[in-house]
Amino acid sequence: MPLSTQSQADDEPYVLVASLDNARNLSNILKSITFKDHAIFSATPNGLKVTVEDSKCMQANAFIQADIFQEFTIKEDLVGFQVNLTVLLDCLNIFGGSTVQGVSTALRMCYRGYGYPLTLFLEEGGVVTVCKINTQEPEEPVDFDFCSNNVTNKVILLSESLKEAFSELDMTSEVLQITMSPSQPYFRLSTFGNSGNAHYDYPKDSEMMELFRCTTTQTNRYKMSLLKPSTKALALSCKVSVRTDSRGFLSLQYLVRNDDGQICFVEYYCCPDEEVEEE
Amino acid sequence: MLCICVCVYRPVLAKAIHSLSRIGDELYVEPQDDGLALRSVNSSRSAYACFLFAPLFFSRYTIPSGHAFRCKMAIKSVQAVFRSLASLEKTVEKCHIGLDEKKNRLTFTLHCKHGLLKTHNLSFQDSESLQAVFDKDSYGNVFRSHPRLLVDTVVHFPPSLEEVTVSVSDERMWVRNHVEEEDRSKSMLTELCLASDEFDHFAVTTQNSVTFCLKELRGMLVFAESTGLPVSMYFDEPGSPLVLSVTDSVLEGNFVLATLSDDSNHRKNNSRREQTPPPPPNDDFMDDDMDSYLIAMDTSIAPGPSATRPPTPPLAVSTYSKQPAAANHRSRLIAEEQEEEEEEEAELADSAGPPNKKFCSLFFGSVLPPSSQTSTQPVTNQEVLASDSEDDEQ
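Residues numbered from 1 in each chain as written. Chains lettered and ligands numbered in written order. Predicted model: local features only at pLDDT ≥ 70, side-chain atom pairs only at ≥ 80, totals over all residues. Heavy atoms only, no water.

Turning to the interface of chain A and chain B, a few remarks are in order. Listed per partner, the contact involves 17 residues of chain A and 16 residues of chain B. Carbon and sulfur atoms make up 43% of the surface buried where chain A meets chain B, a total of about 1,500 Å² over both sides. Along the contact surface separating chain A from chain B lie two salt bridges. Glu168(A) is paired through a salt bridge with Lys118(B); the nearest N and O atoms lie 3.1 Å apart. Along the contact surface separating chain A from chain B lie ten residue pairs in polar contact (both at pLDDT 80 or more). (Contact = heavy atoms within 4.5 Å. Buried area = accessible area lost by both parts, 1.4 Å probe. Salt bridge = Lys/Arg side-chain N within 4 Å of Asp/Glu carboxyl O. Polar contact = N/O pair within 3.5 Å; in protein donor to acceptor, adjacent residues only side chain to side chain.)

In structure tokens, the structure reads:
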């Protein structure tokens, strides 16, 4: 890789250097959380976390572990910055994002620290492009305080079965209602649209249901407009874990397998719709 | 639950709904003794389609006894139930259609693989019975072929083309794009000739030609091709509906398309093909004929005599006098305006108003209030008629 030969390890002033042989491994997963322009990047020695929020009611996090990168050097415990995600994605696809086998864009992503731009070195077929994206003051992401101790219901489904349901969801419905229950209907997605309502029921013993752990019957409604972006992550994923806590907050965790068979996670948090919370 | 239809899922049900969606925006559902009828009509009421699924199509078929139930609903919402045909075919095992009259919901339940249960409770409106008046068995010209033949024929026409003209002789069928007289010099004419031996059945009693909308024909062909069922085409006179039909042991589908009634059609034909002009009686009764075959919406709950579809011998004078009487009773859609129509025809030949309006005006023709018998406005029918059909829907 021509890029790796350029690295001069120690005397570099960067606080963060991350290299990927295939930039698609990053761009694909970032695409699945692109519903707002601004993304908060937080890098720790474990890897990179990218956060996008909407209306303070919904948050999406993409986790890319350090070992996904061919090189991941971080000189501080936490490096945080904010960039325009759309611009970043445009840069990552600057060579057209070819999906042809054997043709991939190599990436080296460097950040010098507060006040500096995020520098991307992209190389494909011997051509190198350097992109500098101005960074912004990182905002504090909303803490949804979703902790596994408060989880009342949890199911893990193969994404395949949810993809169908999500592709058919009645978009004239303002909300998606999720019912999880230890008894019938177990796991139900409901919409209430112009032409009537629709329910999708998943029995707990279905082959699509990898784990079913529901302790109480819970029915919550979530704004369709907030959940809609999560279908991008769903499309990429192979499994999804659906959890609700005692407050009715929803967590959707998607397990995404990238081109090289490595595993990343995308997580969505969503607040329930107020008016029906106390139903 | 009043009415229950259960069937092992067959894609043909979804395909029928998809092809009905190419006709109109609303799906009329009527469980009848002889099966579940799904119907649709377009907004200008120039095209109508009906599928009848026999009780045998279902593994269980129970309908309310005593009072008839019928409803209409947005076809889009029903389509949403059967959205992705390809994946449905692989995943759905059983389909259940039930009516919850208390909640005024029609419930479609799909039992899918892996135990997934999809329930769609769709709201509906009460509706009048939708019934086109046509008697295809009395038609003189009958053709039957594998859908492929017609698919291969219409594929040559651009998607933007609105109407085609089908002409027949004893041995051949010509299909060509319909071009308004005034556009003739500018447009390209495409004509295909099909020999009678390409058809499974080819019976011509009157050598004439009809012009009708291509869109609905295409819709029908998509259905026929995907099910592989042979398509039968019936038509008679220009101005009387053309019927396309597919039949199977458990289902029957009929598409009734209005045809253009235009004197120039005859003239064109005669000059182009040295065809023998249609026998004089036909001409004389053409307008009556149109009335009797016109797609009429039955607004009465108890269907009039026409619902029994009297077996009409082709071209028999008596039929024409009988049928309008039956039709008049049902709604204003059938108006007594034969004289007016005749005069209009004569005028149309020369005045030839806005091209497409001519086509529409024909189908709306019968909705014209009798007061328009003054016949000074041959082509101003549109607004009148559009509003009429709106009234009808309410």
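Let us keep going from here.
Before going further, it helps to spend a moment on the nonpolar core. Core analysis: the biggest nonpolar cluster contains 150 residues, and Leu120(A), Phe187(A) and Phe82(B) have the highest contact counts within it. When residues no more than four places from it in sequence are discounted, the contact partners of Leu120(A) are Leu88(A), Cys91(A), Leu92(A), Leu107(A), Arg108(A), Met109(A), Thr129(A), Val130(A), Cys131(A) and Ile133(A). Among the nonpolar cores identified, the runner-up in size contains twelve residues, and Cys50(B), Ala132(B), Val142(B) and Tyr234(B) belong to it. (Core = buried A, V, L, I, M, F, W, Y, C linked by side-chain atoms within 4.5 Å. Buried < 20%, exposed > 50% of the residue type's maximum accessible area, 1.4 Å probe, protein only.)

Take the sheet that holds strand 4 (residues 47–53) of chain B next. Residue and element names in this part refer to chain B. The ten strands are arranged 10-6-2-3-4-19-18-17-11-15 in an open sheet whose pairing can be described as antiparallel. Strands at the two margins of the open sheet, each flanked by one partner only, are strand 10 (125–126) and strand 15 (201–203). Note that strand 11 (residues 141–145) and strand 17 (residues 231–235) share five bridges and pair antiparallel. Paired with Arg144 across the bridge in strand 17 is Ser232. Most of the contacts of helix 1 (residues 11–21) go to strand 4, to which it runs at about 165 degrees, and overall it touches strand 2 (26–32), strand 3 (35–41), strand 4 and strand 19 (251–257). (Pairing = 2+ DSSP bridges. Helix = DSSP H or I, 4+ residues; strand = E, 2+ residues; numbered from the N terminus. Axes fitted to C-alpha atoms, helices over the stretch in contact; angles between N-to-C directions.)

All names here are of chain B. Mapped onto the secondary structure, Cys50 falls in strand 4. Overall, the relative accessible area of 11% leaves Cys50 in the buried class. For the pair Cys50 and Val256, spaced 206 residues apart in the sequence, the C-alpha separation amounts to 8.5 Å.

So, on to the environment of Leu242(B). All names here are of chain B. Among the structural elements, Leu242 can be located in strand 18 (residues 242–247). In this structure the C-alpha to C-alpha distance between Leu242 and Phe212, which are 30 residues apart in sequence, comes to 7.9 Å. Ignoring anything within four residues of it in the chain, the contact list for Leu242 reads Val210, Phe212, Met233, Tyr234, Phe235, Phe255, Val256, Leu257 and Thr259.

What follows concerns the side chain of Lys15(B). All names here are of chain B. Relative to the helices and strands, Lys15 resides in helix 1. For Lys15, which is buried and forms no salt bridge, the nearest opposite charge comes from Glu89, at a distance of 4.6 Å. Residue contacts for Lys15: discarding those within four places in its chain leaves Leu85, Phe223, Ser226 and Thr227. (Lys, Arg positive; Asp, Glu negative; His and termini not counted.)

Let us now look at unusual backbone geometry. Residue and element names in this part refer to chain A. Note that the residue after Gln184, namely Pro185, is joined by a cis bond; omega there is 5 degrees. Among the structural elements, Pro185 can be located in the loop between strand 11 (175–180) and strand 12 (187–193). Even without glycine at this site, Tyr186 takes up a positive phi of about 65 degrees. Structurally, Tyr186 is set in the loop between strand 11 and strand 12.

We now examine the sheet that holds strand 6 (residues 79–84) of chain A. Residues and elements named next belong to chain A. In space, the nine strands of this open sheet follow the order 6-2-3-4-18-17-16-10-14, with antiparallel pairing throughout. The sheet is open, and its two borders are formed by strand 6 and strand 14 (209–214), each paired with just one other strand. For this sheet, the mean inter-axis angle between neighbouring strands, taken without regard to orientation, is 15 degrees. Bridge count between strand 2 (residues 38–44) and strand 6: six bridges; the pairing is antiparallel. When the sheet's bridge partners are listed, Ser42 is paired in strand 6 with Gly80. Across the face of the sheet, helix 2 (residues 24–31) comes into contact with strand 2, strand 3 (47–54), strand 4 (58–65), strand 17 (250–257) and strand 18 (263–270) while running at roughly 165 degrees to strand 4. Against the sheet, helix 3 (residues 85–92) engages strand 2, strand 3 and strand 6, with an angle of about 85 degrees to strand 6.

Another point: the pairing of strand 3 of chain A. Residue and element names in this part refer to chain A. Among the eight residues that make up strand 3, seven are buried, leaving the element largely enclosed by the rest of the structure. Here strand 2 runs beside strand 3; their pairing, made up of five bridges, is antiparallel. Within strand 3, the position partnered with Phe41 by the bridge is Val50. Once strand 2 ends, the chain turns through two residues before running back antiparallel as strand 3. Counted along the chain from strand 3 to the antiparallel partner strand 4, the turn is three residues long, and its residue Ser55 has a positive phi close to 55 degrees.

Considering every residue of chain B, the mean pLDDT works out to 72; 65% of them sit at 70 or more. With pLDDT under 50 throughout, residues 265–394 of chain B is counted as low confidence; its partners more than four residues away or in other chains account for 228 contacts. (pLDDT = per-residue confidence, 0-100.)

Here we take up the packing of helix 2 of chain A against helix 3 of chain A. Residues and elements named next belong to chain A. The geometry of helix 2 relative to helix 3 is characterised by a closest axis approach of 10 Å and an angle of 150 degrees between their N-to-C directions. The chirality of how helix 2 crosses helix 3 is left-handed. Taking contact as the criterion, the partners of Leu26, Ser27, Leu30 and Lys31 in helix 2 are, on helix 3, Leu85, Leu88, Leu89 and Leu92. When its residues are assigned to classes, the contact of helix 2 with helix 3 shows six nonpolar, one polar and one charged. (Left-handed = near helix turned anticlockwise from the far one by under 90°. Nonpolar A, V, L, I, M, F, W, Y, C, P; charged D, E, K, R; others polar.)

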